[in-house]
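Below are the chains, spelled out letter by letter.
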Amino acid sequence: MEIVHKLLWLLKPEGIQWLIHTGGLPAICLVIFAETGFFALLPGDSLLVLCGILAATTGADGRPLLSLTLLMSVVPVCAIVGDQVGYWIGTWFGRALYSWKDVSFLGIPVFK
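Values in this document were obtained by computation on a predicted structure and should not be read as measured data.

What counts, and at which threshold
Residues numbered from 1 in each chain as written. Predicted model: local features only at pLDDT ≥ 70, side-chain atom pairs only at ≥ 80, totals over all residues. Heavy atoms only, no water. Helix = DSSP H or I, 4+ residues; strand = E, 2+ residues; numbered from the N terminus. Buried < 20%, exposed > 50% of the residue type's maximum accessible area, 1.4 Å probe, protein only. Contact = heavy atoms within 4.5 Å. Areas by Shrake-Rupley, 256 points an atom, 1.4 Å probe, with all protein chains shown as cover. Core = buried A, V, L, I, M, F, W, Y, C linked by side-chain atoms within 4.5 Å. Patch = residues over 30% accessible without salt bridge, like charges linked within 9 Å, V, L, I, M, F, W, Y side chains within 5 Å. Salt bridge = Lys/Arg side-chain N within 4 Å of Asp/Glu carboxyl O.

Trainee: Now, about the overall build of the chain: what can you tell me, with residues and values included?
Mentor: If you tally the helices and strands in the chain, you get four helices and two strands. Along the chain, from the amino end to the carboxyl end, the secondary structure elements read α-α-α-α-β-β. C-alpha extents for the chain along the principal axes are approximately 55 × 40 × 20 Å. Taking all 112 residues of the chain together, 21% fall into the buried category. Counting only contacts in the chain whose residues sit at least 6 apart along the sequence, the fraction spanning at least 24 positions is 48%. Surface exposure of the chain reaches about 8,600 Å², of which carbon and sulfur atoms provide 73%.

Trainee: Break down the nonpolar core for me, citing the residues and quoting the values.
Mentor: The biggest cluster of nonpolar side chains holds 14 residues, and the ones touching the most others in it are Ile28, Cys51, Leu66, Leu71 and Val75. Listing elements by their share of this core, those giving two or more residues are helix H2 (13-37), helix H3 (44-56) and helix H4 (68-98). No other element matches H2, which puts five residues into this core. Excluding its chain neighbours within four sequence positions, the residues that come into contact with Cys51 are Ile28, Leu66 and Leu71.

Trainee: I'd like a description of the environment of Leu25, backed by residues and values.
Mentor: If you trace the backbone, Leu25 turns up in helix H2. On the basis of relative accessibility, which here comes to 19%, the residue Leu25 falls in the buried class. Between the alpha carbons of Leu25 and Val74 there is a distance of 8.7 Å; along the sequence they are 49 residues apart. Aside from chain neighbours lying at most four places away, what touches Leu25 is Ile20, Leu66, Leu70, Leu71 and Val75.

Trainee: Which residues make up the environment of His21, and what values do they have?
Mentor: Tracing the backbone shows His21 in helix H2. Taking the relative accessible area as the measure of exposure, His21 reaches 32% and is therefore partly exposed. Taking the C-alpha atoms as reference, His21 lies 38 Å from Phe93; in sequence the two are 72 residues apart. Those residues in contact with His21 that lie beyond four places of it in its chain are Asp61, Arg63, Pro64 and Leu65.

Trainee: Outline a nonpolar patch on the surface, supporting the account with residue identities and numerical values.
Mentor: A cluster of nonpolar residues, Trp88, Trp92, Phe93, Leu97 and Trp100, forms a patch on the protein surface that exposes about 610 Å² of accessible area. Along the chain, the position of Trp88 falls in helix H4. Taking the relative accessible area as the measure of exposure, Trp88 reaches 49% and is therefore partly exposed.

Trainee: Break down the environment of Val31 for me, citing the residues and quoting the values.
Mentor: Summarising the element assignment, Val31 is placed in helix H2. Its relative accessible area of 24% is what places Val31 among the partly exposed residues. Excluding anything up to four places from it in sequence, Val31 contacts Leu42 and Leu47.

What follows is the structure, encoded as structure tokens:
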């Protein structure tokens, strides 16, 4: 029962603020890195708008939920590193992908 109370606490404003303070910036960096590097279907642009909103919103303690200076310095570095990792993956596997056969599952093309 204690676990249920802790999970429900995470849905309250205090719990959401705690999540943003403790894991917000690493999660944002991970999403931006993955989106620019190898998985382009993640919501990176809308996430950046949300980051701006969270940087302008003050929490219960009077501090902003996210630091604007950290966002403007760390997130672009993650995007550049992700782009370079994506380029490296493309140069390593790119030529081999052209020799793969077309794969479909129940008539839906998986790889073409």
